[in-house]
Amino acid sequence: MSYLRAFGKYLPERVVSNDELAAALEVEPAWILSSCGIEERRYACDSQSLVDLGVEAALDCLKNAGAEAGSIGIVLVSSGSPDVFCPGPASAIAARLGLGDTPAIDVPIASAGSISALVLAESLAARFGNVLVVATEVMSRRILRTPEGKNNAILFGDGAGACLVGHEDTGFARIEAVALHTDGERAGAIVVRDGQFSMDGMAVIRQASQKLPSVISEVLAKAGIAAEELAAVLIHQANLNLLDRVAKTLKLLPDRLFTNIQRYGNTSSASMLIAAAEWRERTPEVSAPIVLAAFGAGLTYGAVLATPVSR
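Residues numbered from 1 in each chain as written. Predicted model: local features only at pLDDT ≥ 70, side-chain atom pairs only at ≥ 80, totals over all residues. Heavy atoms only, no water.

Draft legend 1. Structural detail: the sheet that holds strand 7 (residues 158-166). Spatially, the nine strands line up as an open sheet ordered 5-4-6-7-1-8-13-12-11, and their pairing is mixed. Edge positions in the open sheet fall to strand 5 (104-107) and strand 11 (232-235), since each of these has one partner strand only. The sheet shows a mean angle of 25° between the axes of neighbouring strands, direction not considered. Relative to strand 5, strand 4 (residues 72-78) runs parallel, the two being bridged by four bridges. Bridge assignment links Val75 to a residue of strand 5, and that residue is Ala104. Along the sheet, helix 3 (residues 50-65) contacts strand 1 (3-10), strand 4, strand 6 (130-138) and strand 7; its crossing angle with strand 1, the most-contacted strand, is approximately 135°. (Pairing = 2+ DSSP bridges. Helix = DSSP H or I, 4+ residues; strand = E, 2+ residues; numbered from the N terminus. Axes fitted to C-alpha atoms, helices over the stretch in contact; angles between N-to-C directions. Contact = heavy atoms within 4.5 Å.)

As structure tokens, this is what we get:
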């Protein structure tokens, strides 16, 4: 069995309010809030790289796990906004952590990369031991912050999240069920080409509204757990209106869906793990199952269900 040992996160210091962004986009701040539920987001400063953010999230995760970098058997790094496509950020993050010849693999999937890596980690832990999953994004450099790009510009922020998955019984929750799918026929809805992000927002909302509840229901059924038994559902923070739709479809209790998109915006593949890290900080005692889920480029979507471990 594989276990969730800890989460970590890092958010840049610069806060970009709706008022500031609205001026550049020539829209009203109230329109931004009503469209996506976001009040502010974080942007990396010019001197910060995507690797810098990922290293900080990884160190925070290791600290929370009480683990040393040398205990990591393999590193998986997801990002839809790398500065360089090849080599991607995985090898640089591993090097910065002092991991020598430890394998480091990139998962270049915007928004859904972290759930893809987490599903892979569940299997890889048996062979490699501790698996460090890092999701790091600087989406502010991949969007047009102009009136023409307003529909995407209002959504995205920068940040990084991390999770440590172990094979030995050292975590706070045991992974009981995973599911991962890709609907390649609709992959054109989210594209990063020549360093520029583009998205058919209505198509993404329509597909995610169906596929996220479906894949969450799939892992619930595999584990024999009902939605009302969950302690928390930790979803990719894409759009607050979308999250509300998912909660209603699953008939979740009001306090079960964790959201922080209001303060951080959509940080693409990092958002699920940032949300998980923040939720875990607020929940030192986990007494019921949790679900992590995401949807994104590909169109890839997946979920992981974990149950608390009694000590």
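Draft legend 2. Molecular detail of the packing of helix 1 (residues 18-25) against helix 2 (residues 29-36). One way to put it is that helix 1 packs onto helix 2 with a least axis distance of 8 Å and a crossing angle of 105°. Relative to helix 2, the element helix 1 is oriented roughly perpendicular. Residues Asn18, Asp19 and Ala22 of helix 1 pack against Pro29, Ile32 and Leu33 of helix 2. Residues belonging to the contact of helix 1 with helix 2 are distributed by class as follows: four nonpolar, one polar and one charged. (Parallel < 35°, antiparallel > 145°, perpendicular 65-115°, else oblique. Nonpolar A, V, L, I, M, F, W, Y, C, P; charged D, E, K, R; others polar.)

Draft legend 3. Here's a closer look at the pattern of salt bridges. Enumeration according to the criterion identifies twelve salt bridges in this entry. One salt bridge connects Asp60 with Lys63, and the closest N-O pair in it is separated by 3.5 Å. Note that Asp60 and Lys63 are positioned in helix 3 at a spacing of three residues, about one turn of the helix. Residue class for Lys63 comes out exposed when judged on its relative accessible area of 60%. Of the charged contacts in the structure, one is a salt bridge between Asp83 and Arg142, with a shortest N-O distance of 3.8 Å. Here Asp83 is found in the loop between strand 4 and helix 4 (89-96), whereas its partner Arg142 is found in the loop between strand 6 and helix 6 (150-153), with 59 residues between them in sequence. Residue classification places Arg142 among the buried residues on the basis of a relative accessible area of 13%. The network of salt bridges with common partners includes Asp183, Arg186 and Lys211. (Salt bridge = Lys/Arg side-chain N within 4 Å of Asp/Glu carboxyl O. Buried < 20%, exposed > 50% of the residue type's maximum accessible area, 1.4 Å probe, protein only.)

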